[in-house]
Number of protein chains: 2
Amino acid sequence: MKPRVFKDAIYEQIARIGKSLGSGPRLEILDLLCQGPRTVEVLAGQMGQSVANTSRHLQVLRGARLVEAEREGVYVRYRLADSEVCAFFLTLRKLAESRLLEVDEITREFLEARNTMEPVDRDLLVERVRSGKVTVLDVRPAEEYLAGHIPGAVSIPLEQLEERLAELPSDREIVAYCRGPYCVMALDATDTLQSNGFEATRFEEGIADWRARGLHVAVGSEG
Amino acid sequence: MKPRVFKDAIYEQIARIGKSLGSGPRLEILDLLCQGPRTVEVLAGQMGQSVANTSRHLQVLRGARLVEAEREGVYVRYRLADSEVCAFFLTLRKLAESRLLEVDEITREFLEARNTMEPVDRDLLVERVRSGKVTVLDVRPAEEYLAGHIPGAVSIPLEQLEERLAELPSDREIVAYCRGPYCVMALDATDTLQSNGFEATRFEEGIADWRARGLHVAVGSEG
DNA sequence: TGCATATTCAAATATTAGCTTGAATATGTG
DNA sequence: CACATATTCAAGCTAATATTTGAATATGCA
(Lines give C-alpha, C1' and ligand atoms only; values in the text may rest on other atoms or scores of the structure.)
Protein backbone atom coordinates (compact mmCIF):
# COMPACT_ATOMS: atom_id res chain seq x y z
CA MET A 1 0.00 0.00 0.00
CA LYS A 2 1.39 3.36 -1.02
CA PRO A 3 1.69 6.10 1.62
CA ARG A 4 -0.75 8.28 -0.32
CA VAL A 5 -3.38 5.55 -0.29
CA PHE A 6 -2.74 4.91 3.39
CA LYS A 7 -3.12 8.56 4.35
CA ASP A 8 -6.22 9.04 2.24
CA ALA A 9 -7.78 5.99 3.86
CA ILE A 10 -6.99 7.19 7.38
CA TYR A 11 -8.25 10.73 6.86
CA GLU A 12 -11.36 9.36 5.18
CA GLN A 13 -12.01 7.32 8.31
CA ILE A 14 -11.68 10.35 10.55
CA ALA A 15 -13.96 12.17 8.13
CA ARG A 16 -16.65 9.55 8.86
CA ILE A 17 -16.95 11.08 12.30
CA GLY A 18 -16.72 14.58 10.85
CA LYS A 19 -19.52 13.91 8.38
CA SER A 20 -21.76 12.65 11.15
CA LEU A 21 -21.22 15.94 13.00
CA GLY A 22 -22.19 18.03 9.99
CA SER A 23 -25.90 18.19 10.65
CA GLY A 24 -27.83 20.26 13.20
CA PRO A 25 -30.38 17.57 14.07
CA ARG A 26 -27.61 15.02 14.68
CA LEU A 27 -25.81 17.37 17.03
CA GLU A 28 -29.04 17.88 18.93
CA ILE A 29 -29.39 14.11 19.20
CA LEU A 30 -25.89 13.85 20.64
CA ASP A 31 -26.66 16.63 23.08
CA LEU A 32 -29.81 14.86 24.24
CA LEU A 33 -28.05 11.50 24.51
CA CYS A 34 -25.49 13.17 26.77
CA GLN A 35 -28.34 13.38 29.30
CA GLY A 36 -28.95 9.65 29.07
CA PRO A 37 -30.27 6.89 26.76
CA ARG A 38 -33.53 7.41 24.88
CA THR A 39 -35.79 5.55 22.49
CA VAL A 40 -36.24 6.71 18.91
CA GLU A 41 -39.76 7.88 19.61
CA VAL A 42 -38.76 9.96 22.64
CA LEU A 43 -35.88 11.56 20.73
CA ALA A 44 -38.15 12.37 17.80
CA GLY A 45 -40.67 13.94 20.16
CA GLN A 46 -38.10 16.04 21.97
CA MET A 47 -36.66 17.30 18.70
CA GLY A 48 -39.93 17.88 16.88
CA GLN A 49 -38.85 15.63 14.04
CA SER A 50 -40.48 12.66 12.35
CA VAL A 51 -39.63 9.24 13.74
CA ALA A 52 -38.39 7.99 10.38
CA ASN A 53 -36.06 10.92 9.97
CA THR A 54 -34.77 10.62 13.53
CA SER A 55 -34.14 6.93 12.95
CA ARG A 56 -32.15 7.79 9.85
CA HIS A 57 -29.97 10.27 11.71
CA LEU A 58 -29.40 7.75 14.47
CA GLN A 59 -28.09 5.27 11.96
CA VAL A 60 -25.67 7.78 10.56
CA LEU A 61 -24.38 8.33 14.09
CA ARG A 62 -24.23 4.59 14.61
CA GLY A 63 -22.28 4.25 11.38
CA ALA A 64 -19.73 6.66 12.83
CA ARG A 65 -19.68 4.51 15.98
CA LEU A 66 -20.74 7.43 18.16
CA VAL A 67 -23.96 5.82 19.39
CA GLU A 68 -25.12 2.29 20.06
CA ALA A 69 -28.57 0.74 19.87
CA GLU A 70 -30.06 -1.88 22.10
CA ARG A 71 -33.42 -3.54 21.71
CA GLU A 72 -35.62 -3.40 24.80
CA GLY A 73 -38.84 -5.24 24.05
CA VAL A 74 -40.72 -3.30 21.47
CA TYR A 75 -38.47 -0.26 21.83
CA VAL A 76 -34.94 0.39 20.63
CA ARG A 77 -32.93 2.43 23.07
CA TYR A 78 -30.00 4.50 21.82
CA ARG A 79 -27.08 5.62 23.96
CA LEU A 80 -23.70 7.22 23.43
CA ALA A 81 -21.15 4.55 22.57
CA ASP A 82 -18.76 5.82 25.22
CA SER A 83 -18.50 8.65 27.74
CA GLU A 84 -15.62 9.90 25.58
CA VAL A 85 -18.22 10.82 22.97
CA CYS A 86 -20.00 13.11 25.40
CA ALA A 87 -16.73 14.77 26.35
CA PHE A 88 -15.94 15.19 22.69
CA PHE A 89 -19.30 16.79 21.98
CA LEU A 90 -18.70 19.30 24.77
CA THR A 91 -15.28 20.08 23.29
CA LEU A 92 -16.86 20.68 19.89
CA ARG A 93 -19.56 22.87 21.40
CA LYS A 94 -16.95 24.87 23.26
CA LEU A 95 -14.89 25.26 20.11
CA ALA A 96 -17.96 26.56 18.28
CA GLU A 97 -18.68 28.99 21.12
CA SER A 98 -15.17 30.37 21.09
CA ARG A 99 -14.60 30.43 17.33
CA LEU A 100 -18.02 31.37 15.96
CA LEU A 101 -19.20 34.81 16.94
CA GLU A 102 -22.62 33.88 15.61
CA VAL A 103 -23.24 31.50 18.51
CA ASP A 104 -22.91 34.32 20.97
CA GLU A 105 -24.95 36.67 18.82
CA ILE A 106 -27.83 34.25 18.44
CA THR A 107 -27.83 33.50 22.16
CA ARG A 108 -27.79 37.17 23.12
CA GLU A 109 -30.56 37.95 20.68
CA PHE A 110 -32.67 35.15 22.10
CA LEU A 111 -32.10 36.18 25.70
CA GLU A 112 -32.71 39.86 25.05
CA ALA A 113 -36.04 39.05 23.41
CA ARG A 114 -36.95 37.35 26.68
CA ASN A 115 -35.62 40.25 28.76
CA THR A 116 -33.26 37.83 30.42
CA MET A 117 -29.87 38.79 31.73
CA GLU A 118 -27.31 36.05 31.99
CA PRO A 119 -25.02 35.92 35.01
CA VAL A 120 -21.50 36.71 33.94
CA ASP A 121 -19.20 34.89 36.32
CA ARG A 122 -19.73 31.24 35.56
CA ASP A 123 -17.04 29.88 37.86
CA LEU A 124 -18.36 31.84 40.82
CA LEU A 125 -21.80 30.34 40.28
CA VAL A 126 -20.29 26.86 40.06
CA GLU A 127 -18.62 27.48 43.38
CA ARG A 128 -21.84 28.62 45.07
CA VAL A 129 -23.69 25.62 43.65
CA ARG A 130 -20.92 23.23 44.62
CA SER A 131 -20.59 24.48 48.17
CA GLY A 132 -24.35 24.27 48.83
CA LYS A 133 -24.74 27.97 49.61
CA VAL A 134 -27.84 28.00 47.41
CA THR A 135 -30.74 25.65 46.79
CA VAL A 136 -30.11 23.86 43.52
CA LEU A 137 -33.16 22.97 41.46
CA ASP A 138 -33.17 20.39 38.66
CA VAL A 139 -36.13 21.04 36.35
CA ARG A 140 -35.54 18.23 33.86
CA PRO A 141 -37.88 15.23 33.61
CA ALA A 142 -37.55 12.94 36.63
CA GLU A 143 -35.82 10.14 34.70
CA GLU A 144 -33.03 12.45 33.63
CA TYR A 145 -32.56 13.55 37.22
CA LEU A 146 -32.31 9.89 38.24
CA ALA A 147 -29.74 9.20 35.50
CA GLY A 148 -27.44 11.84 37.01
CA HIS A 149 -27.74 15.17 38.78
CA ILE A 150 -25.79 17.77 40.71
CA PRO A 151 -25.29 16.53 44.28
CA GLY A 152 -27.83 18.07 46.63
CA ALA A 153 -30.15 19.19 43.85
CA VAL A 154 -33.91 19.02 44.32
CA SER A 155 -35.90 17.52 41.44
CA ILE A 156 -39.03 19.34 40.30
CA PRO A 157 -39.74 18.84 36.59
CA LEU A 158 -40.73 22.07 34.89
CA GLU A 159 -44.34 20.98 34.26
CA GLN A 160 -44.90 20.46 37.99
CA LEU A 161 -43.13 23.60 39.14
CA GLU A 162 -46.14 25.89 39.63
CA GLU A 163 -48.01 23.39 41.79
CA ARG A 164 -44.98 22.51 43.90
CA LEU A 165 -43.67 25.98 44.70
CA ALA A 166 -44.34 25.38 48.40
CA GLU A 167 -41.48 22.86 48.49
CA LEU A 168 -38.97 25.62 47.79
CA PRO A 169 -37.46 28.05 50.32
CA SER A 170 -38.50 31.70 49.98
CA ASP A 171 -35.63 33.03 52.09
CA ARG A 172 -32.79 31.43 50.16
CA GLU A 173 -31.50 31.86 46.64
CA ILE A 174 -32.56 29.19 44.18
CA VAL A 175 -30.36 28.20 41.24
CA ALA A 176 -32.16 26.30 38.50
CA TYR A 177 -30.47 24.20 35.86
CA CYS A 178 -31.55 21.90 33.03
CA ARG A 179 -29.78 20.22 30.09
CA GLY A 180 -27.29 22.88 29.21
CA PRO A 181 -26.79 26.32 27.72
CA TYR A 182 -29.20 25.82 24.80
CA CYS A 183 -32.00 24.25 26.79
CA VAL A 184 -34.69 26.69 27.83
CA MET A 185 -36.29 24.82 30.73
CA ALA A 186 -34.24 26.52 33.42
CA LEU A 187 -35.02 29.90 31.84
CA ASP A 188 -38.73 29.20 32.07
CA ALA A 189 -38.25 28.01 35.64
CA THR A 190 -36.48 31.15 36.82
CA ASP A 191 -39.20 33.26 35.17
CA THR A 192 -41.87 31.34 37.06
CA LEU A 193 -39.94 31.51 40.32
CA GLN A 194 -39.17 35.21 40.06
CA SER A 195 -42.77 36.14 39.28
CA ASN A 196 -43.78 34.22 42.40
CA GLY A 197 -41.43 36.21 44.58
CA PHE A 198 -38.51 33.79 44.76
CA GLU A 199 -34.91 34.83 44.30
CA ALA A 200 -33.91 32.65 41.37
CA THR A 201 -30.91 32.42 39.05
CA ARG A 202 -30.26 30.24 36.05
CA PHE A 203 -27.24 27.94 35.96
CA GLU A 204 -26.60 27.41 32.27
CA GLU A 205 -24.44 24.32 32.43
CA GLY A 206 -25.83 20.82 32.29
CA ILE A 207 -24.86 17.64 34.05
CA ALA A 208 -22.40 16.75 31.28
CA ASP A 209 -20.52 20.04 31.80
CA TRP A 210 -20.57 19.37 35.53
CA ARG A 211 -19.00 15.96 34.97
CA ALA A 212 -16.48 17.42 32.52
CA ARG A 213 -15.37 19.81 35.24
CA GLY A 214 -14.40 16.72 37.19
CA LEU A 215 -17.10 17.25 39.82
CA HIS A 216 -19.10 14.48 41.43
CA VAL A 217 -22.39 13.46 39.86
CA ALA A 218 -25.14 11.94 42.01
CA VAL A 219 -27.33 9.18 40.58
CA GLY A 220 -30.76 7.80 41.48
CA SER A 221 -32.39 9.37 44.50
CA GLU A 222 -28.99 9.99 46.08
CA GLY A 223 -28.43 13.42 47.69
CA MET B 1 -37.59 34.04 18.72
CA LYS B 2 -39.11 30.66 19.57
CA PRO B 3 -36.98 28.13 21.47
CA ARG B 4 -37.15 25.73 18.54
CA VAL B 5 -35.79 28.36 16.15
CA PHE B 6 -33.09 29.28 18.65
CA LYS B 7 -31.96 25.68 19.13
CA ASP B 8 -31.98 24.94 15.41
CA ALA B 9 -29.88 28.04 14.79
CA ILE B 10 -27.35 27.10 17.47
CA TYR B 11 -26.96 23.49 16.37
CA GLU B 12 -26.70 24.63 12.77
CA GLN B 13 -23.80 26.84 13.79
CA ILE B 14 -22.01 23.99 15.50
CA ALA B 15 -22.69 21.93 12.40
CA ARG B 16 -20.71 24.48 10.38
CA ILE B 17 -17.62 23.18 12.12
CA GLY B 18 -18.83 19.60 11.76
CA LYS B 19 -19.36 19.98 8.02
CA SER B 20 -15.86 21.36 7.60
CA LEU B 21 -14.51 18.22 9.29
CA GLY B 22 -16.39 15.90 6.96
CA SER B 23 -13.78 15.64 4.24
CA GLY B 24 -10.53 13.70 4.18
CA PRO B 25 -8.51 16.36 2.33
CA ARG B 26 -9.61 19.03 4.80
CA LEU B 27 -8.56 16.92 7.76
CA GLU B 28 -5.18 16.43 6.15
CA ILE B 29 -4.91 20.20 5.75
CA LEU B 30 -5.65 20.67 9.44
CA ASP B 31 -3.08 18.04 10.33
CA LEU B 32 -0.45 19.77 8.21
CA LEU B 33 -1.31 23.20 9.60
CA CYS B 34 -0.78 21.80 13.10
CA GLN B 35 2.91 21.65 12.13
CA GLY B 36 2.91 25.33 11.22
CA PRO B 37 1.63 27.88 8.67
CA ARG B 38 1.87 27.13 4.97
CA THR B 39 1.07 28.74 1.64
CA VAL B 40 -1.62 27.32 -0.62
CA GLU B 41 0.96 26.09 -3.08
CA VAL B 42 2.98 24.24 -0.45
CA LEU B 43 -0.13 22.64 1.00
CA ALA B 44 -1.30 21.54 -2.44
CA GLY B 45 2.12 20.08 -3.15
CA GLN B 46 2.28 18.17 0.12
CA MET B 47 -1.19 16.74 -0.41
CA GLY B 48 -0.89 15.93 -4.09
CA GLN B 49 -3.95 18.04 -4.89
CA SER B 50 -4.56 20.84 -7.36
CA VAL B 51 -3.99 24.37 -6.09
CA ALA B 52 -7.53 25.43 -6.98
CA ASN B 53 -9.05 22.56 -5.07
CA THR B 54 -6.81 23.12 -2.08
CA SER B 55 -7.75 26.79 -2.09
CA ARG B 56 -11.40 25.83 -2.08
CA HIS B 57 -10.97 23.50 0.89
CA LEU B 58 -9.08 26.21 2.74
CA GLN B 59 -11.98 28.56 2.29
CA VAL B 60 -14.38 26.04 3.70
CA LEU B 61 -12.13 25.77 6.75
CA ARG B 62 -11.92 29.55 6.92
CA GLY B 63 -15.70 29.75 6.73
CA ALA B 64 -15.82 27.53 9.81
CA ARG B 65 -13.29 29.88 11.45
CA LEU B 66 -10.79 27.08 11.94
CA VAL B 67 -8.04 28.65 9.83
CA GLU B 68 -6.98 32.19 9.00
CA ALA B 69 -5.26 33.60 5.94
CA GLU B 70 -2.65 36.32 5.76
CA ARG B 71 -1.15 37.83 2.66
CA GLU B 72 2.65 37.78 2.56
CA GLY B 73 3.77 39.47 -0.62
CA VAL B 74 2.67 37.36 -3.50
CA TYR B 75 1.80 34.41 -1.28
CA VAL B 76 -1.14 33.80 1.03
CA ARG B 77 -0.15 32.00 4.17
CA TYR B 78 -2.73 29.93 6.04
CA ARG B 79 -2.51 29.07 9.73
CA LEU B 80 -4.77 27.55 12.37
CA ALA B 81 -6.98 30.25 13.83
CA ASP B 82 -6.04 29.24 17.37
CA SER B 83 -3.99 26.60 19.15
CA GLU B 84 -7.33 25.33 20.46
CA VAL B 85 -8.04 24.14 16.90
CA CYS B 86 -4.95 21.95 16.92
CA ALA B 87 -5.90 20.48 20.30
CA PHE B 88 -9.38 19.83 18.96
CA PHE B 89 -8.05 18.08 15.88
CA LEU B 90 -5.97 15.79 18.08
CA THR B 91 -9.06 15.02 20.17
CA LEU B 92 -10.99 14.14 17.03
CA ARG B 93 -8.16 11.96 15.76
CA LYS B 94 -7.99 10.19 19.10
CA LEU B 95 -11.73 9.65 19.10
CA ALA B 96 -11.50 8.12 15.63
CA GLU B 97 -8.64 5.87 16.75
CA SER B 98 -10.55 4.60 19.75
CA ARG B 99 -14.01 4.31 18.16
CA LEU B 100 -13.22 3.15 14.62
CA LEU B 101 -11.63 -0.26 14.41
CA GLU B 102 -10.89 0.48 10.76
CA VAL B 103 -8.21 3.03 11.67
CA ASP B 104 -6.24 0.39 13.50
CA GLU B 105 -6.81 -2.18 10.78
CA ILE B 106 -5.64 0.12 8.00
CA THR B 107 -2.57 1.12 9.99
CA ARG B 108 -1.66 -2.46 10.81
CA GLU B 109 -2.13 -3.52 7.21
CA PHE B 110 0.12 -0.71 6.02
CA LEU B 111 2.82 -1.44 8.55
CA GLU B 112 2.77 -5.19 7.93
CA ALA B 113 3.21 -4.62 4.21
CA ARG B 114 6.37 -2.72 5.12
CA ASN B 115 7.49 -5.41 7.56
CA THR B 116 7.47 -2.79 10.28
CA MET B 117 6.72 -3.55 13.88
CA GLU B 118 5.40 -0.69 15.97
CA PRO B 119 6.66 -0.27 19.52
CA VAL B 120 3.87 -1.02 21.93
CA ASP B 121 4.51 1.07 25.02
CA ARG B 122 4.04 4.64 23.91
CA ASP B 123 4.43 6.24 27.33
CA LEU B 124 7.71 4.44 27.99
CA LEU B 125 9.09 5.77 24.72
CA VAL B 126 7.95 9.28 25.62
CA GLU B 127 9.83 8.96 28.88
CA ARG B 128 13.04 7.82 27.19
CA VAL B 129 12.77 10.65 24.66
CA ARG B 130 11.99 13.20 27.34
CA SER B 131 14.82 12.20 29.64
CA GLY B 132 17.41 12.33 26.85
CA LYS B 133 18.43 8.69 27.19
CA VAL B 134 18.29 8.40 23.40
CA THR B 135 19.27 10.60 20.48
CA VAL B 136 16.13 12.17 19.09
CA LEU B 137 16.04 12.79 15.36
CA ASP B 138 13.62 15.16 13.66
CA VAL B 139 13.35 14.25 9.97
CA ARG B 140 10.84 16.89 8.90
CA PRO B 141 11.80 19.77 6.60
CA ALA B 142 14.04 22.28 8.37
CA GLU B 143 11.38 25.00 8.54
CA GLU B 144 9.03 22.73 10.46
CA TYR B 145 11.82 21.91 12.89
CA LEU B 146 12.39 25.64 13.41
CA ALA B 147 8.65 26.21 14.00
CA GLY B 148 8.75 23.79 16.92
CA HIS B 149 10.52 20.58 17.88
CA ILE B 150 11.17 18.19 20.74
CA PRO B 151 13.83 19.69 23.04
CA GLY B 152 17.25 18.23 22.31
CA ALA B 153 16.24 16.84 18.93
CA VAL B 154 18.69 16.90 16.03
CA SER B 155 17.33 18.12 12.69
CA ILE B 156 18.15 16.12 9.58
CA PRO B 157 15.45 16.33 6.91
CA LEU B 158 14.68 12.95 5.39
CA GLU B 159 16.11 13.86 1.95
CA GLN B 160 19.49 14.63 3.49
CA LEU B 161 19.61 11.64 5.82
CA GLU B 162 21.76 9.29 3.72
CA GLU B 163 24.49 11.85 3.15
CA ARG B 164 24.55 13.01 6.78
CA LEU B 165 24.63 9.64 8.55
CA ALA B 166 28.05 10.48 9.96
CA GLU B 167 26.47 13.09 12.22
CA LEU B 168 24.60 10.41 14.13
CA PRO B 169 25.99 8.24 16.94
CA SER B 170 26.41 4.54 16.14
CA ASP B 171 26.67 3.46 19.77
CA ARG B 172 23.45 5.00 20.99
CA GLU B 173 19.79 4.34 20.20
CA ILE B 174 18.22 6.83 17.76
CA VAL B 175 14.54 7.67 17.95
CA ALA B 176 13.16 9.30 14.80
CA TYR B 177 9.93 11.28 14.62
CA CYS B 178 8.08 13.34 12.03
CA ARG B 179 4.61 14.86 11.78
CA GLY B 180 2.60 12.24 13.57
CA PRO B 181 1.23 8.71 13.39
CA TYR B 182 0.08 8.93 9.76
CA CYS B 183 3.21 10.53 8.41
CA VAL B 184 5.67 8.08 6.89
CA MET B 185 8.88 10.08 7.01
CA ALA B 186 10.06 8.63 10.33
CA LEU B 187 9.31 5.13 9.04
CA ASP B 188 11.53 5.71 6.01
CA ALA B 189 14.18 7.17 8.29
CA THR B 190 14.31 4.17 10.63
CA ASP B 191 14.51 1.87 7.61
CA THR B 192 17.47 3.82 6.27
CA LEU B 193 19.15 3.95 9.66
CA GLN B 194 18.65 0.27 10.41
CA SER B 195 20.00 -0.85 7.05
CA ASN B 196 23.09 1.26 7.78
CA GLY B 197 23.71 -0.46 11.07
CA PHE B 198 22.16 2.06 13.43
CA GLU B 199 19.83 1.12 16.27
CA ALA B 200 16.76 3.11 15.35
CA THR B 201 13.17 3.29 16.57
CA ARG B 202 10.23 5.28 15.34
CA PHE B 203 8.39 7.66 17.66
CA GLU B 204 4.94 7.95 16.13
CA GLU B 205 3.77 11.11 17.82
CA GLY B 206 4.27 14.55 16.35
CA ILE B 207 5.09 17.89 17.88
CA ALA B 208 1.38 18.65 18.36
CA ASP B 209 0.93 15.50 20.44
CA TRP B 210 4.03 16.41 22.39
CA ARG B 211 2.58 19.82 23.15
CA ALA B 212 -0.80 18.30 24.01
CA ARG B 213 0.96 16.15 26.61
CA GLY B 214 1.94 19.41 28.26
CA LEU B 215 5.63 18.96 27.47
CA HIS B 216 7.95 21.76 26.51
CA VAL B 217 8.43 22.56 22.82
CA ALA B 218 11.67 24.11 21.61
CA VAL B 219 11.58 26.68 18.80
CA GLY B 220 14.17 28.02 16.34
CA SER B 221 17.63 26.59 16.75
CA GLU B 222 17.08 26.21 20.49
CA GLY B 223 18.16 22.91 22.11
C1' DT C 1 2.96 51.01 -16.58
C1' DG C 2 3.06 46.24 -17.92
C1' DC C 3 4.48 41.48 -17.15
C1' DA C 4 4.89 37.21 -14.28
C1' DT C 5 3.18 34.59 -10.66
C1' DA C 6 0.04 33.14 -6.75
C1' DT C 7 -4.41 32.76 -5.58
C1' DT C 8 -9.30 32.95 -6.09
C1' DC C 9 -13.57 32.81 -8.57
C1' DA C 10 -17.21 30.88 -11.73
C1' DA C 11 -19.32 27.44 -14.32
C1' DA C 12 -20.26 22.68 -15.02
C1' DT C 13 -20.72 17.93 -13.75
C1' DA C 14 -21.00 13.97 -10.74
C1' DT C 15 -21.71 12.49 -6.31
C1' DT C 16 -23.68 12.55 -1.93
C1' DA C 17 -26.91 13.89 1.77
C1' DG C 18 -31.56 15.47 3.84
C1' DC C 19 -36.28 14.95 4.28
C1' DT C 20 -40.91 13.02 3.23
C1' DT C 21 -43.98 9.40 2.27
C1' DG C 22 -45.59 4.85 2.30
C1' DA C 23 -44.45 0.15 2.91
C1' DA C 24 -41.90 -3.56 5.38
C1' DT C 25 -40.00 -5.75 9.52
C1' DA C 26 -39.87 -7.16 14.25
C1' DT C 27 -41.54 -7.59 18.82
C1' DG C 28 -45.09 -8.20 22.47
C1' DT C 29 -49.89 -9.38 23.49
C1' DG C 30 -54.55 -11.29 23.26
C1' DC D 1 -51.80 -17.15 15.10
C1' DA D 2 -53.20 -12.49 14.20
C1' DC D 3 -53.06 -7.79 15.66
C1' DA D 4 -50.99 -3.43 17.42
C1' DT D 5 -47.06 -0.75 17.91
C1' DA D 6 -42.10 0.69 17.33
C1' DT D 7 -38.69 0.95 14.19
C1' DT D 8 -36.46 0.54 9.81
C1' DC D 9 -36.23 0.46 4.87
C1' DA D 10 -36.88 2.13 0.01
C1' DA D 11 -38.08 5.45 -3.41
C1' DG D 12 -38.06 9.99 -4.94
C1' DC D 13 -37.27 14.70 -4.85
C1' DT D 14 -34.52 18.64 -3.53
C1' DA D 15 -30.39 20.69 -1.98
C1' DA D 16 -25.61 20.76 -0.99
C1' DT D 17 -20.80 19.35 -1.94
C1' DA D 18 -16.31 17.81 -4.43
C1' DT D 19 -13.69 18.33 -8.19
C1' DT D 20 -12.05 20.08 -12.62
C1' DT D 21 -11.23 23.63 -15.94
C1' DG D 22 -10.50 28.13 -17.55
C1' DA D 23 -10.80 32.87 -16.55
C1' DA D 24 -10.21 36.74 -13.30
C1' DT D 25 -7.85 39.20 -9.61
C1' DA D 26 -4.04 40.92 -6.94
C1' DT D 27 0.67 41.56 -5.82
C1' DG D 28 5.74 42.26 -6.74
C1' DC D 29 9.06 43.62 -9.86
C1' DA D 30 11.22 45.43 -14.07
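Residues numbered from 1 in each chain as written. Chains lettered and ligands numbered in written order. Predicted model: local features only at pLDDT ≥ 70, side-chain atom pairs only at ≥ 80, totals over all residues. Heavy atoms only, no water.

> Describe the relation of the copies chain A and chain B, naming the residues involved and giving the relevant values.
With an RMSD of 0.0 Å, the fit of chain A onto chain B corresponds to turning through 180° and sliding 0.0 Å along the axis. The transformation just described matches what one would write down for a two-fold rotation axis. (Least-squares fit on C-alpha atoms with pLDDT ≥ 70 in both.)

> Which residues make up the nonpolar core, and what values do they have?
Note on soluble globular proteins: their nonpolar side chains tend to be buried together. Leu30 and Leu66 of chain A together with Leu30 and Leu66 of chain B are the most contacted members of the largest nonpolar core, which has 80 residues in total. Each residue touching leucine 66 of chain A, except ones within four places of it in the same chain, is listed here: Ile17, Ser20, Leu21, Leu30, Leu61, Arg79, Leu80, Ala81 and Val85 of chain A together with Leu95 of chain B. (Core = buried A, V, L, I, M, F, W, Y, C linked by side-chain atoms within 4.5 Å. Buried < 20%, exposed > 50% of the residue type's maximum accessible area, 1.4 Å probe, protein only. Contact = heavy atoms within 4.5 Å.)

> A description of the packing of helix 2 (residues 24-35) of chain B against helix 5 (residues 83-99) of chain B should follow, citing residues and the corresponding values.
Residue and element names in this part refer to chain B. Running from N to C, helix 2 and helix 5 cross one another at 125°; their axes reach a closest spacing of 10 Å. What the angle tells us is that helix 2 and helix 5 run oblique. Crossing handedness for the pair helix 2 and helix 5: left-handed. Within the contact between the two elements, helix 2 uses Leu27, Leu30, Asp31 and Cys34 and helix 5 uses Val85, Cys86, Phe89 and Leu92. For the contact of helix 2 with helix 5, the residue count by class is seven nonpolar, no polar and one charged. (Axes fitted to C-alpha atoms, helices over the stretch in contact; angles between N-to-C directions. Helix = DSSP H or I, 4+ residues; strand = E, 2+ residues; numbered from the N terminus. Parallel < 35°, antiparallel > 145°, perpendicular 65-115°, else oblique. Left-handed = near helix turned anticlockwise from the far one by under 90°. Nonpolar A, V, L, I, M, F, W, Y, C, P; charged D, E, K, R; others polar.)

> Please set out the interface of chain A and chain B residue by residue, giving values where relevant.
At the junction of the two partners, chain A supplies 56 residues and chain B supplies 56 residues. Taking both partners together, chain A and chain B bury about 5,100 Å²; carbon and sulfur atoms supply 70% of that area. Three residues, Phe6, Tyr11 and Arg99 of chain A, lead the burial of chain A against chain B; their summed loss comes to 14% of the area buried on that side. Viewed at the interface, chain B and chain A are joined by eight salt bridges. Note that arginine 65 of chain A is salt-bridged to glutamate 102 of chain B, the shortest N-O span being 3.6 Å. Linking chain A with chain B are 14 residue pairs in polar contact (both at pLDDT 80 or more). Broken down by secondary-structure element, the contributors of at least two residues to the side of chain A that touches chain B are helix 1 (3-20), helix 2 (24-35), helix 3 (40-47), helix 5 (83-99) and helix 6 (101-113) of chain A. (Buried area = accessible area lost by both parts, 1.4 Å probe. Salt bridge = Lys/Arg side-chain N within 4 Å of Asp/Glu carboxyl O. Polar contact = N/O pair within 3.5 Å; in protein donor to acceptor, adjacent residues only side chain to side chain.)

> A description of the sheet that holds strand 7 (residues 200-203) of chain A should follow, citing residues and the corresponding values.
Where strands meet in a sheet, backbone hydrogen bonds hold them as pairs that are either parallel or antiparallel. All names here are of chain A. Pairing within the open sheet is parallel, and its four strands lie in the order 5-4-6-7. Each of the sheet's edge strands pairs with one partner strand only, and the pair in question is strand 5 (154-155) and strand 7. Against the sheet, helix 7 (residues 122-130) makes contact with strand 4 (135-138), strand 6 (174-177) and strand 7, and its axis sits at roughly 110° relative to strand 7, the strand it touches most. Lying over the sheet, helix 9 (residues 185-195) contacts strand 4, strand 6 and strand 7, oriented at roughly 175° with respect to strand 7. (Pairing = 2+ DSSP bridges.)

> So what's going on with the protein's contact with DNA strand D? Residues and values would help.
Around DNA strand D, a shell composed of 22 residues is seen, among which Ser55, Gln59 and Tyr78 of chain A together with Arg26 and His57 of chain B lie nearest. Of all DNA strand D atoms lying within 4 Å of any protein atom, the proportion belonging to sugar or phosphate reaches 80%. In the model, a phosphate oxygen of DNA strand D is placed 2.8 Å from a nitrogen or oxygen of the tyrosine 78 of chain A side chain. Within the side chain of arginine 26 of chain B, a nitrogen or oxygen atom sits 2.8 Å from a phosphate oxygen of DNA strand D. Going through the elements one at a time, helix 3, helix 4 (51-63) and strand 3 (75-80) of chain A together with helix 4 (51-63) of chain B are the ones with two or more residues in the surface near DNA strand D. Of the residues belonging to the surface near DNA strand D, the class tally is nine nonpolar, eight polar and five charged. (Near = heavy atom within 4 Å.)

> Account for the protein's contact with DNA strand C, with residues named and values stated.
In the neighbourhood of DNA strand C, 22 residues make up the surrounding shell, with Arg26 and His57 of chain A together with Ser55, Gln59 and Tyr78 of chain B lying closest. The sugar-phosphate backbone supplies 80% of the atoms of DNA strand C found within 4 Å of the protein. Taking valine 76 of chain B, its main chain carries an N or O atom lying 3.2 Å from a phosphate oxygen of DNA strand C. Broken down by secondary-structure element, the contributors of at least two residues to the surface near DNA strand C are helix 2 and helix 4 of chain A together with helix 3 (40-47), helix 4 and strand 3 (75-80) of chain B. Partitioned by chemical class, the residues of the surface near DNA strand C number 10 nonpolar, seven polar and five charged.

> Go over the sheet that holds strand 4 (residues 135-138) of chain B with me, naming the residues and quoting the values.
All names here are of chain B. Strand order in the open sheet formed by four strands is 5-4-6-7, and the pairing between neighbours is parallel. Because the sheet does not close on itself, it has two edges, and the strands there are strand 5 (154-155) and strand 7 (200-202). Strand direction decides the pairing type here: strand 4 and strand 5, joined by two bridges, are parallel. Looking across to strand 5, one finds that aspartate 138 is bridged to serine 155.

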